[in-house]
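Coordinate analysis (summary)
What follows is each chain in one-letter form.
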Amino acid sequence: LFDVLTTKEKEDPHAIDWLESNDVLENEIASTEKAIATLSNDEDELLSLQCRLQILQSKMDILVYKVQNEVLSLPDYLEIIRERMKRDQLLAQYLRSFNDKEHN
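Heads up: these notes are all about the structure in this document. All values derive from a computational prediction rather than experimental measurement.

**As for the side chain of S97**
Residue placement: S97 occurs in helix α4 (residues 74-102). Residue classification places S97 among the buried positions, given a relative accessible area of 19%. At 2.5 Å, the side chain of S97 forms a polar contact with the backbone oxygen of Y94.

In structure tokens, the structure reads:
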């Protein structure tokens, strides 16, 4: 059942690589900006969050560029989102299965 998932998906389910939706990217950008604004004196964490923010913004810029320049059509975009949602649901089941094993 979980063979469809990549090793990277299983090991890092929150990776930026899996963010496909402009709504999700916007939410993650806002969340990261808020985390940066409220961070107190942890320079390593600040650098990590700043790098994350830059990657998120770049990914959003690329998505916007592709849509505006018709490199990515709406039907293709929607198919990407549907496929990611399916994979995310499967990934959630995979992660839940580990939680179930730990509590039994």
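Now that the structure has been shown, the text picks up again.
**Comments concerning helix α2 (residues 22-38)**
The end-to-end C-alpha distance of α2, which contains 17 residues, comes to 24 Å, matching closely the 24 Å that a straight helix rising 1.5 Å per residue would cover. If you check which residues of α2 are buried, you get L25, I29 and T32. Seen along its axis, α2 keeps its buried residues to an arc of 70°; they face one direction. Turned more than 90 degrees away from the buried face of α2 sit D23, K34, A37 and T38, all of them exposed.

What counts, and at which threshold
- Residues numbered from 1 in each chain as written.
- Predicted model: local features only at pLDDT ≥ 70, side-chain atom pairs only at ≥ 80, totals over all residues.
- Heavy atoms only, no water.
- Helix = DSSP H or I, 4+ residues; strand = E, 2+ residues; numbered from the N terminus.
- Buried < 20%, exposed > 50% of the residue type's maximum accessible area, 1.4 Å probe, protein only.
- Polar contact = N/O pair within 3.5 Å; in protein donor to acceptor, adjacent residues only side chain to side chain.
- Expected span 1.5 Å × (residues − 1).
- Arc of directions from axis to C-beta.

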